[in-house]
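Chain by chain, the residues:
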Amino acid sequence: MTFRQFLLILNARRWIIFAIPAGVVLLTLTISLLLPKQYRATASLVVDMKVADPLLGVPQVLQGYLATQIDIIGSERVAQRVVTLTRMDQVAEYREQWREETKGEGGDSGFRVWLGILLRKRLDVRPSTTRESNIINISYQAPNPTFAAAIANAFSQAFIEINVELKVNPARQYKDWFDKQTKDVRDDLEAAQRKLSAYEQEHGILAGDGRFDVENMRLAELNSQLSLAQGQRAESSSRQSQAGSAESLPEVMANPVVSSLKTELARLEADRSQLSERLGENHPMMRELNEKIAEQRQRVDMEIQRVARSLGTTSRISTARVKEITEAIDKQQARVLELKKHRDQIAVLQRDIENAQKAYDLVTQRLAQTNLESQTQQTNVSVLTPATPPLEHSSPKIMLNTVIAVFLGIMLGVGIALLLELSDQRVRGNEDIVQNMDVPLLGVIPGLDKSRSKSRIFRRSAAA
């Protein structure tokens, strides 16, 4: 079928094509005028996308959070809250309608579920068309504009209340959990403190009393004394080994008594030397002087021997001192090691207390935070624009329905015209003769259509 044949068919069936759209438009207008008017009220909400984690308390942006809130608004729980807020379950008209449709199945709970389903059928929840916007539009359609606005606002209020509950209920659960954990960590802290106190009482040691440092200093002092005593013992032993030449010992040479005696001996020898020049050996003065010199020498020797003997005593005293200090060091080392063992055990017990204290502080802090969260009535959702009764109805849309009816009527008329043409084919032009009758076209009488049209006009005028 060529486009010219299609136009010839439309021209031939033009009354059908015009009549069907007219009928469809007339039917559409009639139905649109007979349908009850519906009013759509819209409330707008603003949602803060930052949500605090219930355990960490750190604000975070959750992916898909806005879509989740939209699903919550359209949930059965919010619808049931709307029923409670609007007291629809107390309206006798709705109850009668419910009994007619469900025969009263489910009792009061079934009636509330039926009301929730009825409300959700006319509810429309959509995000704002602006990209990355945090605004949610809640629309409700009803025959009464005031009722539509009331239900839209009720859904907003119910969603805010449910949003608060969804935050508060987990916080209350966390509060109960943290409360139990607080008791457990407090018991652990008290047990750790009791262990430390019992250990201190058992061993008579207090944490942080500094006894270990004092005993350690004593040990260091004893080691210093031991080193000094060992040096003195070695020096005494060395000097004692030189006892054969006692006069050359430093102690002898530095002894004031020995020095005084030697000085006196030297003076006497000098006097004898002077007298020997004038007197003989047998002179009484010489003999007396020789006796004094011999006596003085004896004194010097005795004093030197006494000093030499004192070196042996000093050596024995140094050896005994070294032994005594060594024994004291051994006892002090044992005491220091014992204190170190106690100190290490006390440090372990103190670390247990510190860890228990940190856990207790952390749990009590989170308990206080979750306690506040469980009592809060704040939410991250706020009403931007409450719904108001619309002045104009949202449906039926007569203009839109008329345009759609015209379009569908034309399509239906053209389709019916083509179906009628297929069922009753006629010659509409030269191409139909060639294609349908399969005979050659010898010629066309010019002006035949015009003469036919003129004859039709003449017959119509004559009849008039």
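Residues numbered from 1 in each chain as written. Predicted model: local features only at pLDDT ≥ 70, side-chain atom pairs only at ≥ 80, totals over all residues. Heavy atoms only, no water.

With that settled, the discussion passes to the overall build of the chain. Helix and strand content of the chain: 14 helices and six strands. Each of the 464 residues in the chain was classed as buried or not, and the buried ones make up 29%. Taking all contacts inside the chain whose residues are at least 6 apart in sequence as the whole, residues at least 24 apart take part in 77%. Per element, the accessible surface of the chain, about 30,300 Å² overall, is 56% carbon and sulfur. (Helix = DSSP H or I, 4+ residues; strand = E, 2+ residues; numbered from the N terminus. Buried < 20%, exposed > 50% of the residue type's maximum accessible area, 1.4 Å probe, protein only. Contact = heavy atoms within 4.5 Å. Areas by Shrake-Rupley, 256 points an atom, 1.4 Å probe, with all protein chains shown as cover.)

We now examine the sheet that holds strand β1 (residues 39-47). Spatially, β4-β5-β1-β6 is the arrangement adopted by the four strands of the open sheet, whose pairing is antiparallel. A single partner strand is all that each edge strand has here, and the edge strands are β4 (123-127) and β6 (381-385). The average angle at which neighbouring strand axes cross in this sheet is 30°, direction not considered. When β1 meets β6, the two strands line up antiparallel, connected through four bridges. Considered in β6, the bridge of Val46 is made with Ser382. Sheet contacts for helix α3 (residues 65-73): β1, β4 and β5 (135-142); angle to β4, the most-contacted strand, approximately 170°. (Pairing = 2+ DSSP bridges. Axes fitted to C-alpha atoms, helices over the stretch in contact; angles between N-to-C directions.)

Further remarks concern the confidence of the model for the chain. Chain-level pLDDT for the chain is 76 on average; 74% of the residues reach the 70-or-more range. Element-level pLDDT for the chain is lowest in helix α14 (residues 448-463), with a mean of 42, against a maximum mean of 91 in helix α4 (residues 76-86). Taken together, the stretch residues 53-60 has pLDDT below 50 and engages in 18 contacts with residues farther than four places along the chain or on a different chain. Segment residues 450-464: pLDDT under 50, and zero contacts once partners within four positions in sequence are set aside and those in other chains are kept. (pLDDT = per-residue confidence, 0-100.)

Now for the packing of aromatic side chains. Following the criterion strictly, the structure yields three aromatic pairs and no others. With a centroid separation of 6.3 Å and an interplanar angle of 20°, the aromatic rings of Phe111 and Trp114 are classed as stacked. You can see Phe111 and its partner Trp114 sitting in helix α6 (residues 107-121), three residues apart, about one turn around the helix. As far as the burial class goes, Phe111 and Trp114 line up, both buried. (Phe/Tyr/Trp six-rings, centres within 6.5 Å; stacked < 30°, edge-to-face > 60°.)

Quick look at the side chain of Gln69 now. Within the secondary structure layout, Gln69 lies in helix α3. Within the structure, Gln69 has its side chain in polar contact with the side chain of Asn163 (distance 3.1 Å). In contact with Gln69, other than residues within four places in its own chain, are Val47, Ile136, Phe159 and Asn163. (Polar contact = N/O pair within 3.5 Å; in protein donor to acceptor, adjacent residues only side chain to side chain.)

Overall, the coordinates contain ten salt bridges when judged by the stated rule. The shortest N-O distance in the salt bridge between Glu161 and Arg81 comes to 2.9 Å. Of this pair, Glu161 sits in helix α7 (residues 145-203) while Arg81 sits in helix α4, and the two are 80 residues apart along the sequence. Where Arg126 meets Asp124, a salt bridge forms, and the shortest distance between an N and an O atom there is 3.2 Å. Residue Asp124 is classed as partly exposed on the basis of its relative accessible area of 23%. It is possible to trace a salt-bridge network through shared partners that takes in Arg77, Arg81, Glu161 and Glu165. (Salt bridge = Lys/Arg side-chain N within 4 Å of Asp/Glu carboxyl O.)

This next bit is on the nonpolar core. By size, the foremost hydrophobic cluster in this structure holds 38 residues, and its most contacted members are Leu119, Ile136, Tyr140 and Phe155. Broken down by secondary-structure element, the contributors of at least two residues to this core are β1, α3, α4, α5 (92-102), α6, β4, β5 and α7. Looking at this core element by element, the count peaks at ten residues for α7. Those residues within four positions of Phe155 in sequence are excluded, and the remaining contacts are Ile73, Val78, Ala79, Val82, Leu119, Leu123 and Ile138. (Core = buried A, V, L, I, M, F, W, Y, C linked by side-chain atoms within 4.5 Å.)

Our next topic: the environment of Leu384. Considering the arrangement of structural elements, one finds Leu384 in strand β6. For Leu384, a relative accessible area of 47% puts it in the partly exposed group. Residues Leu384 and Leu45, 339 residues apart in the sequence, show an inter-C-alpha distance of 5.0 Å. With residues up to four places along the chain from it excluded, the contact list for Leu384 reads Ser44, Leu45, Val46 and Ile135.

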